[in-house]
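Letter by letter, the chains look like this.
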Amino acid sequence: MAKREFTFFNPTKLVFCPDYSESLRCHVGTRDYGIVTYPDAFFSDAVDQIQGILGKAVFVATDITPNPDFSYFNALDEERRRDLAKAEALIALGGGSVIDTAKVFAAGLEDRPDIRDLLNFASQSPALHSKDIIAIPTTAGTGSEVTSWATVWDSESGRKFSLSHPDLYPKVAVLDASLTYKLPPRITLASGLDALSHALESVWNINANPISSNYAVRASRIIIETLPSLMNNPENARLRQMMLQAAVFSGLAFSNTKTALAHNISYPVSLNHNLEHGIACSFTLPLVMRRAIGSDTVCDETLREIFGNDLHNGADQLEEFLCNLEISTDPDDYGIPATTFKKYLNDALTGERGRNFIAA
Ligand SMILES: [Fe+2]
């Protein structure tokens with residue numbers, strides 16, 4: 001049944017521009033700032049360029065690796081924490097791991113160096129007084145540039161945690177498609193499929209509303225049409241721009257609904273089978289869609305806007321779309337035995353994100 005009362009909220013300013021560096025002066029100004037990014041040469045050059053424009057940063061973290069882990073945050077020494085404390089704004093240049101890490105830094109890690117303590121504090125505090133985040137995504141997929149949460153892993157205990165607080169929405173998302181032109185094929189593919197997962201997961205979601213679904217439909221259509229062409233024409237500027245926009249639409253959609261079953265299945269898959277997030281949360285999409293069909297009329301209507309009237313045929317189309325991108329939907333192909341996958345599925349249905357699933 002359609003909801004009569006709903007809220008859609010997202011405070012992040014979106015700036016689409018052809019050169020991210022041009023807009024930094026305007027968004028950082030003369031404040032003391034920090035930079036969070038990856039270690040590769042491209043990003044080191046960008047750090048130099050940013051400091052050339054804004055002056056020296058008071059805090060620079062260029063050692064971000066995929067899947068931000070407890071051990072990384074807990075290892076931040078006192079001197080680095082003092083530098084972090086000086087930063088009034090943080091520039092996060094990178095993919096989801098970089099933006100999520102910046103959110104942890106922004107939340108007050110200098111005052112609460114134990115990450116568990118920080119997670120507890122954030123879950124109980126009405127205000128974090130956090131630093132402003134200027135998110136500059138270099139992939140088209142994460143959506144973290146428009147959400148108020150970060151995924152943090154504790155690889156030692158094999159668990160995934162979420163840092164979540166309304167104060168952690170980035171102040172600005174600077175969206176420069178040229179940053180994605182040279183992305184390797186596998187990252188283009190995984191991030192594009194992550195964006196598709198965000199869109200679809202916001203549709204088969206108990207928190208869906210007409211605004212989130214509108215963004216999700218638009219995003220899904222663009223990604224399904226664009227991603228295969230982009231994989232064959234990776235330097236096509238128009239296709240890169242389309243994917244960046246679609247990723248933001250997906251981000252806006254799930255910023256208000258959170259994710260659902262496919263993402264909850266993905267966490268043990270990533271942790272135990274070393275599969276990238278974007279693949280881990282997308283290879284189950286046809287399976288999840290088949291479970292969603294028929295459970296809610298509004299959800300079915302929204303899915304028809306993406307896949308046409310015959311939704312079972314639509315799920316087959318989705319499977320074919322993934323197959324054409326060489327993404328198997330068979331867990332066995334990722335080294336996940338059938339019994340293990342069944343356990344992941346059952347556990348996911350009862351987890352926090354799984355309970356968002358419309359047919360849970
Ligand atoms: Fe995701």
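Before going into details, it helps to say that this report is about the structure given with it. Quantities reported herein were computed from a predicted structural model and do not represent experimental measurements.

**A look at the pattern of salt bridges**
Opposite charge on two side chains makes pairing possible when the charged atoms of those side chains draw close.
Working step 1: Inspection of every chain in the model, using the stated rule, returns 10 salt bridges.
Working step 2: The salt bridge involving Lys-131 is made with Glu-110; its shortest N-O contact spans 3.0 Å. Taken together, the positions of Lys-131 in the loop between helix 6 (115-124) and strand 5 (132-137) and Glu-110 in the loop between helix 5 (96-106) and helix 6 put the pair 21 residues apart, joining distant regions of the chain. Summarising the burial analysis for this pair, Lys-131 and Glu-110 share the class buried.
Working step 3: Here Glu-319 makes a salt bridge to Arg-290, at a shortest N to O gap of 2.8 Å. Taken as a pair, Glu-319 in helix 14 (residues 311-324) and Arg-290 in helix 12 (residues 285-292) lie far apart in primary sequence, 29 residues in all.

**Concerning the coordination of the iron ion**
Working step 1: The iron ion binds to the protein through Asp-194 (OD), His-198 (NE2), His-263 (NE2) and His-277 (NE2), with metal-donor distances spanning 2.2 Å.
Working step 2: Viewed at the metal, the four donor atoms of the iron ion are separated by angles of 81 to 165 degrees, and the geometry they form is irregular.
Working step 3: Expressed as a motif, the donor residue spacing for the iron ion is D-x3-H-x64-H-x13-H. In this pair, His-198 sits in helix 7 (residues 185-203) while His-263 sits in helix 10 (residues 261-273), placing the two residues 65 residues apart along the sequence. Like His-198, the residue His-263 is buried in the burial classification.

**Points about empty space enclosed by the protein**
Working step 1: Enumeration according to the criterion identifies two cavities of 30 Å³ or more in this entry.
Working step 2: Surrounding the largest cavity, Ala-140, Thr-180, Leu-183, Thr-188, Ser-191, Gly-192, Leu-227, Leu-230, Arg-240 and Met-243 form its lining.
Working step 3: Elements that contribute at least two residues to the lining of the largest cavity include exactly helix 7, helix 8 (210-232) and helix 9 (237-257).
Working step 4: It is helix 7 that provides the largest number of residues to the lining of the largest cavity, a total of three residues.
Working step 5: Looking at the lining of the largest cavity residue by residue, the class counts come to five nonpolar, four polar and one charged.
Working step 6: Looking at the second largest cavity, its volume works out to about 40 Å³.

**A few points about the environment of Asp-32**
Working step 1: On the secondary structure map, Asp-32 appears in the loop between helix 1 (20-28) and strand 2 (33-37).
Working step 2: Residue classification places Asp-32 among the partly exposed residues on the basis of a relative accessible area of 37%.
Working step 3: Along the sequence, Asp-32 and Asp-300 sit 268 residues apart, while their C-alpha atoms lie 49 Å from each other.
Working step 4: Ignoring anything within four residues of it in the chain, the contact list for Asp-32 reads Val-58, Lys-86, Ala-87, Glu-88 and Ala-89.

**A word on helix 13 (residues 297-307)**
Working step 1: For helix 13, the set of buried residues is Cys-299, Asp-300, Thr-302, Leu-303, Ile-306 and Phe-307. One face of helix 13 carries all of its buried residues, which in axial projection span an arc of 165 degrees.
Working step 2: In this fold, the buried residues of helix 13 make contact with helix 7, helix 8, helix 12 and helix 14.
Working step 3: Sitting at the amino-terminal end of helix 13 is Asp-296, which places a side-chain oxygen 3.1 Å from the backbone nitrogen of Val-298.
Working step 4: One or two steps after helix 13, the chain reaches Gly-308, where phi turns positive at roughly 90 degrees.

**Considerations on the nonpolar core**
Working step 1: Formed by 62 residues in total, the largest nonpolar core has its most connected members in Leu-193, Leu-200, Trp-204, Ile-265 and Ile-327.
Working step 2: When residues no more than four places from it in sequence are discounted, the contact partners of Ile-327 are Arg-186, Leu-189, Leu-193, Ile-279, Phe-283, Leu-322 and Tyr-334.
Working step 3: Membership of the second largest hydrophobic core comes to 53 residues, among which are Cys-17, Val-28, Ile-133 and Val-152.

What counts, and at which threshold
Residues numbered from 1 in each chain as written. Predicted model: local features only at pLDDT ≥ 70, side-chain atom pairs only at ≥ 80, totals over all residues. Heavy atoms only, no water. Salt bridge = Lys/Arg side-chain N within 4 Å of Asp/Glu carboxyl O. Helix = DSSP H or I, 4+ residues; strand = E, 2+ residues; numbered from the N terminus. Buried < 20%, exposed > 50% of the residue type's maximum accessible area, 1.4 Å probe, protein only. Donors = N, O, S within 2.8 Å, 3.2 Å for Na, K, Ca; no water. Tetrahedral: all angles 85-135°; square planar, octahedral: opposite > 155°, others 65-115°. 1 Å grid on protein atoms, 1.4 Å probe; cavity = no way out; pocket = protein on both sides within 12 Å on 5 of 7 lines; lining within 4 Å. Points joined across faces, edges and corners; volume = space filled by probe spheres on them. Nonpolar A, V, L, I, M, F, W, Y, C, P; charged D, E, K, R; others polar. Contact = heavy atoms within 4.5 Å. Arc of directions from axis to C-beta. Polar contact = N/O pair within 3.5 Å; in protein donor to acceptor, adjacent residues only side chain to side chain. Core = buried A, V, L, I, M, F, W, Y, C linked by side-chain atoms within 4.5 Å.

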